[in-house]
Amino acid sequence: MNVELRFFANFREAVGQKELDWETDEDATVGTVLHAVEAEYPEVDIFNEAGEIREFLSIMKNGREVDYIEGTETPLSAGDTISVFPPVAGG
């Protein structure tokens, strides 16, 4: 199945483009796709040493924070969009 990946700020620079169409297995989760992205693009640093999404990163599936769904175990369906946002600071 195909999902769309969207990258922002430094993640966009690491991947070299704003969006990717990503082919994955029918039983894929947010975590399996993001681990595959990290393997393909070593500059993308999503997971810490414990295999958890780095603190302060925002990962969204179809506009909803995956932390409030099933985290990295959030299942995917064809046509879903995963967005990867770096930490945001401001004032």
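Everything below is about the structure printed above this text.
Residues numbered from 1 in each chain as written. Predicted model: local features only at pLDDT ≥ 70, side-chain atom pairs only at ≥ 80, totals over all residues. Heavy atoms only, no water.

1. A word on the overall build of the protein
Here is the rule we go by: Comment: elements are numbered from the N terminus, with helices defined as DSSP H or I runs of at least four residues and strands as E runs of at least two. Radius of gyration here uses only the C-alpha atoms, and the compact-globule reference equals 2.2 Å multiplied by the residue count raised to the power 0.38. The buried label goes to any residue with under 20% of its type's maximum accessible area, the exposed label to any with over 50%, and the partly exposed label to all in between, with areas taken from a 1.4 Å probe on protein chains only.
Counting its regular elements, the protein contains two helices and five strands. Rg of the C-alpha trace for the protein: 12 Å, near the compact-globule value of 12 Å for 91 residues, within the 12% margin. Projected onto its principal axes, the C-alpha coordinates of the protein cover approximately 40 × 30 × 25 Å. Looking at the protein as a whole, 43% of its 91 residues qualify as buried.

2. Some words on the side chain of Glu-38
Basically, it comes down to this: For the purpose of charge, His is not counted, nor are the chain termini; Lys and Arg are scored as positive and Asp and Glu as negative. By definition here, a salt bridge exists when the distance from a side-chain nitrogen of Lys or Arg to a carboxyl oxygen of Asp or Glu is within 4 Å. Two residues qualify as a contact provided that any one of their heavy atoms is within 4.5 Å of a heavy atom in the partner residue.
Of note, Glu-38 is situated in helix H2 (residues 30-40). Among buried charged residues, Glu-38 stands out as having no salt bridge; its nearest opposite-charge side chain is Arg-54, 5.8 Å away. Sequence-distant contacts of Glu-38, that is, excluding residues within four places in its chain, are made with Val-44, Asp-45, Ile-46 and Phe-47.

3. Some thoughts on the packing of aromatic side chains
This is how it is decided: Stacked, edge-to-face and tilted labels apply to pairs of Phe, Tyr and Trp rings (six-membered ring for Trp) whose centres lie within 6.5 Å, assigned for plane angles under 30 degrees, over 60, and everything in between, in that order.
Across all of its chains, the model carries one aromatic pair by this definition. On the numbers, 4.3 Å between centres and 10 degrees between planes, the contact of Phe-8 with Phe-85 is stacked. Pair noted here: Phe-8 is in the loop between strand E1 (2-7) and helix H1 (10-15) and Phe-85 is in strand E5 (residues 81-85), with a separation of 77 residues, a long-range link. Judged by its relative accessible area of 23%, Phe-8 falls in the partly exposed class. A relative accessible area of 25% means that Phe-85 is categorised as partly exposed.

4. Observations regarding the pairing of strand E2 (residues 19-23)
For clarity, the cut-off: Strands are treated as partners if at least two bridges between them are detected by DSSP.
Only one face of E2 is covered, namely the one carrying Leu-20 and Trp-22; the face carrying Glu-19, Asp-21 and Glu-23 has none of its residues buried. Bridging between E1 and E2 involves five bridges; their strand directions are antiparallel. If you follow Val-3 over to E2, its bridge partner there is Trp-22.

5. Considering the nonpolar core
Heads up, the condition is: Only buried residues count toward a nonpolar core. Its members are Ala, Val, Leu, Ile, Met, Phe, Trp, Tyr and Cys residues joined through side-chain atoms within 4.5 Å.
In terms of nonpolar packing, the biggest core is built from 25 residues, with Ile-46 and Ile-59 touching the most fellow members. Within the residue set of this core, elements represented by two or more residues are E1, H1, E2, H2 and E5. Here this core takes four residues from H2, the largest share from any one element.

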